[in-house]
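Notes for the structure review
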Amino acid sequence: MNFLERIFDNLKEHPERTKLIEVQNTSLQGTDGAGILELVGRARTSIEEAGIEPGDRVALLAPNSTRWVAADLAILAAGGIVVPLYDRQDPSELAVMMRSAKPRLLIAATKKLAAPVIEAWSADAELPEDATMAQRAEAIGCTVIDLQALFEPAPSAKGLHPRGEDDTVAIIYTSGTSGEPKGVMLSRANVDYMIPKTIQRIARVVGERGGPDRVFHFLPFCFAASRMMLWTQMSRPNPLMMSTDLNNLVVEMAVAKPNYFLNVPAVLERIRNGVGAKLEERGGMALTLYKKAEKAFHKSLEGTSSLVDSIALEIGRRVVFPKIKEQIGPNLEFLISGSAPLSADTQRWFQMLGIPVYQAYGLTETTGIVSLDDPDLVEAGKVGLPLEGQTLEVSEEGELLVKGPNIFAGYWEKPEETSRAIVDGWFHTGDQVEYEGKNLRIIGRIKNLIIPESGHNISPEPIEEKFMAACPAAEQCMLVGHGRAHVAIIVTGEPPKEAVDRAMEQINPDLPFYKRIRAALRPSEPFTVENGLLTANQKLRRRVIEDHFKSEIEALYAEAAKAKKDKGK
């Protein structure tokens, strides 16, 4: 039974356990398997009426919802290839993906959301300036339908269109951190391999329980790992609660009361910094007890704690930590973190509160996952054990190479890019790692290496991690200095200059001279998805950031050079 057959069987045979629940402000709105199947049937009628045939590409542009899932399943049931897009991404960037994928149908949350994408996509078409969206869509051979219209027809009674193991089920575009996004072709076989593996690893964590897990999800389904979470829950089967308003996550979390959910490091770092800031603001006995307990916890990890430390830690566990955990999530049993490595300090901080964080690592090209933490073998700062069935090697340059049934078929219509990425069956991840057969440690992206005038190779990520730990007032940071006399750092969040200086003074002595941060830029503008400085899953778009702050960076280095010259006089 392939993954689609299993999901549709669960929708029919276990409707309550395959339920999708939308968290809408302070209420939960659920749709069981029977309701989802009806929505899928209605959407499939619309898709077929639009002339979509097996093998055609269909773009899906909408925020997470039950209807998003139903539209996705309807496309797959009809034999189509889903091209999921991030609804908050810049229309011009989405147009690049659309020109590449050439979908015959665009399903969008609303016509308003679709309009700027179609306009950007059709920019080269010979059309009058006042052309309507329908005229523009027709000129580029794409039909547009919104979610409301998609579910209006009577449900189709057709069954699943047969899918071969090697048939492409989705083309998911990479985040474009280092250039133009590429369409990753994932096959049915890729997903058939991945879902049982994730089910097994989750079962290792949740164990046996009387009822279903309370699982909350806020990351967009257009990303590979996020879809694996969706399809894993529907395959188990287990209900899934979904965020409907990313700007209202705190309220939604309080309503959902999840046992666990999938995160990105940026969110976990934000939670940790937020808790620290609130405690500092309130002060008093709670802050004193917290600081003593935190210090005692670190001593216990080092094996240097005294009787006094043990008492302080016990008081923290009984009095302080439960209250913090209650604020984060009263029912939280654990968290899963992916997208990028989570710092060891933050992972240990959640562990201190009694909330284990299990890390996952993977790329779109690896069907979202390469490794997951085993609950009995967790090492803070590492991203877990490789899933069974894969083979891992590390090149002489320290790059991780992966071979296995989770490796994608290739990049859509980019054979040269594909041949560079997959060599003799080995996928070159571009990640610099440490791996000796156990837990995997990610050092950074090979393409992100900074080579200053000294000629040394510098991975920025470990230094950025140290800086963020030393400067809690900072929201984000990014190292620069390629081809420069020294390394500098861009820091957002408007931390005081004194805090930035203290952080540099704290971490520099432990770094070799060529890695030491000599200057800092503190722009008032943060890195966000909206201004194009972050990818949709919160990764730094390093080249774009450097270009965005080019004049400020030039001025920073000019000032540093002048100060050095004046000092030498």
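Let me begin by describing the structure that accompanies this report.

Strand order in the open sheet formed by 3 strands is 22-23-24, with mixed pairing between adjacent strands. Looking at which strands have only one partner, the edges of the open sheet turn out to be strand 22 (476-480) and strand 24 (517-521). Taking each pair of neighbouring strands and ignoring which way they run, the sheet shows an average axis angle of 25°. Helix 16 (residues 460-470) contacts strand 22, strand 23 (487-492) and strand 24 of the sheet and is inclined by roughly 140° relative to strand 22. Across the sheet, helix 17 (residues 497-507) lies against strand 23 and strand 24, angled at about 160° from strand 24, the strand it touches most.

Helix length check: helix 11 (residues 265-282), at 18 residues, gives a terminal C-alpha distance of 26 Å against a target of 26 Å (1.5 Å per residue), a fit within 8%. Within the sequence span of helix 11, burial applies to Pro 265, Val 267, Leu 268, Val 275 and Leu 279. Close packing links the buried residues of helix 11 with strand 11 (260-263), helix 12 (284-302), helix 13 (307-328), strand 12 (335-337), helix 14 (344-353) and strand 13 (357-361). Gly 283 sits one or two positions beyond helix 11 and adopts a positive phi of about 65°.

To continue, consider the nonpolar core. The nonpolar side chains of a soluble globular protein tend to be buried, and buried together. Ranked by size, the top nonpolar core spans 113 residues in total, and within it Leu 73, Ile 107 and Trp 231 carry the most contacts. Considering every element that reaches this core, the biggest residue donor is helix 3 (residues 66-77), with 9 residues. Residues within four places of Ile 107 in sequence aside, it is in contact with Ile 47, Val 58, Ala 59, Leu 60, Leu 61, Ile 75, Ile 145, Leu 147 and Leu 150. If you look at the next biggest cluster of nonpolar residues, it comprises 25 residues, including Val 117, Ala 120, Trp 121 and Trp 412.

With that settled, the discussion passes to the packing of aromatic side chains. Going through the model one piece at a time under the given rule, you end up with 12 aromatic pairs. For the pair Tyr 86 and Phe 223, a centre-to-centre distance of 5.8 Å together with 45° between the ring planes defines the contact as tilted. Here Tyr 86 is found in the loop between strand 4 (81-85) and helix 4 (91-101), whereas its partner Phe 223 is found in the loop between strand 9 (215-217) and helix 9 (224-235), with 137 residues between them in sequence. A single burial state applies to Tyr 86 and to Phe 223, both of which are buried. With a centroid separation of 6.1 Å and an interplanar angle of 80°, the aromatic rings of Phe 216 and Phe 261 are classed as edge-to-face. Of this pair, Phe 216 sits in strand 9 while Phe 261 sits in strand 11; the two residues are 45 residues apart in sequence, bridging distant segments of the chain.

Moving on: a nonpolar patch on the surface. A cluster of nonpolar side chains, namely Leu 307, Ile 311, Ile 315 and Val 319, defines an oily patch on the protein surface of about 360 Å² accessible area. One can find Ile 311 in helix 13.

Our focus in this paragraph is the pattern of salt bridges. Under the counting rule described, the total for this entry stands at 26 salt bridges. For the salt bridge of Arg 104 with Asp 56, the shortest nitrogen-to-oxygen distance reads 2.8 Å. Here Arg 104, found in the loop between helix 4 and strand 5 (105-108), pairs with Asp 56, found in the loop between helix 2 (33-49) and strand 3 (57-61); they are 48 residues apart in sequence, far enough to count as distant. On the accessibility criterion, Arg 104 (37% relative accessible area) is partly exposed. On the basis of relative accessibility, which here comes to 15%, the residue Asp 56 falls in the buried class. For the salt bridge of Arg 441 with Glu 434, the shortest nitrogen-to-oxygen distance reads 3.2 Å. Given the relative accessible area of 28%, Arg 441 is considered partly exposed. A single salt-bridge network, built from bridges that share partners, covers Arg 44, Glu 48 and Lys 158.

Attention now moves to helix 3. At 3.6 residues per turn, the α-helix brings residues three or four places apart onto the same side. Relative to the 16 Å expected for 12 residues at 1.5 Å per residue, helix 3 spans 16 Å between its end C-alpha atoms, a close match to the ideal helical length. Most of helix 3 is tucked away: 11 of the 12 residues are buried. Taken residue by residue, helix 3 has Thr 66, Trp 68, Val 69, Ala 70, Ala 71, Asp 72, Leu 73, Ala 74, Ile 75, Leu 76 and Ala 77 as its buried positions. The N-terminus of helix 3 is capped by Ser 65, whose side-chain oxygen sits 3.3 Å from the backbone nitrogen of Arg 67. With its phi angle positive at about 90°, Gly 79 sits one or two positions after the end of helix 3.

By way of backbone hydrogen bonds, the strands of a sheet pair with one another, either parallel or antiparallel. The strand order across the open sheet formed by 9 strands is 2-1-10-9-11-12-13-14-15, and the pairing between neighbours is mixed. Both outer strands of the open sheet, strand 2 (27-31) and strand 15 (385-386), are each paired with one neighbouring strand and no more. Bridge count for strand 13 against strand 14 (residues 371-372) is 2 bridges, and the pairing is antiparallel. If you follow Tyr 361 over to strand 14, its bridge partner there is Ser 371. The strands touched by helix 3 within the sheet are strand 1 (20-24), strand 2 and strand 10 (240-243), with strand 1 carrying the most contacts at an inclination of about 145°.

Axis separation between helix 13 and helix 14 bottoms out at 9 Å; the angle between their running directions is 110°. Considering the angle they form, helix 13 stands roughly perpendicular to helix 14. Side by side, helix 13 and helix 14 meet where Phe 321, Ile 324, Lys 325 and Ile 328 of the first sit next to Trp 349, Phe 350, Met 352 and Leu 353 of the second. Partitioning the contact of helix 13 with helix 14 into residue classes produces 7 nonpolar, no polar and 1 charged.

Reading the values: the criteria
- Residues numbered from 1 in each chain as written.
- Predicted model: local features only at pLDDT ≥ 70, side-chain atom pairs only at ≥ 80, totals over all residues.
- Heavy atoms only, no water.
- Pairing = 2+ DSSP bridges.
- Helix = DSSP H or I, 4+ residues; strand = E, 2+ residues; numbered from the N terminus.
- Axes fitted to C-alpha atoms, helices over the stretch in contact; angles between N-to-C directions.
- Contact = heavy atoms within 4.5 Å.
- Expected span 1.5 Å × (residues − 1).
- Buried < 20%, exposed > 50% of the residue type's maximum accessible area, 1.4 Å probe, protein only.
- Core = buried A, V, L, I, M, F, W, Y, C linked by side-chain atoms within 4.5 Å.
- Phe/Tyr/Trp six-rings, centres within 6.5 Å; stacked < 30°, edge-to-face > 60°.
- Patch = residues over 30% accessible without salt bridge, like charges linked within 9 Å, V, L, I, M, F, W, Y side chains within 5 Å.
- Areas by Shrake-Rupley, 256 points an atom, 1.4 Å probe, with all protein chains shown as cover.
- Salt bridge = Lys/Arg side-chain N within 4 Å of Asp/Glu carboxyl O.
- Polar contact = N/O pair within 3.5 Å; in protein donor to acceptor, adjacent residues only side chain to side chain.
- Parallel < 35°, antiparallel > 145°, perpendicular 65-115°, else oblique.
- Nonpolar A, V, L, I, M, F, W, Y, C, P; charged D, E, K, R; others polar.

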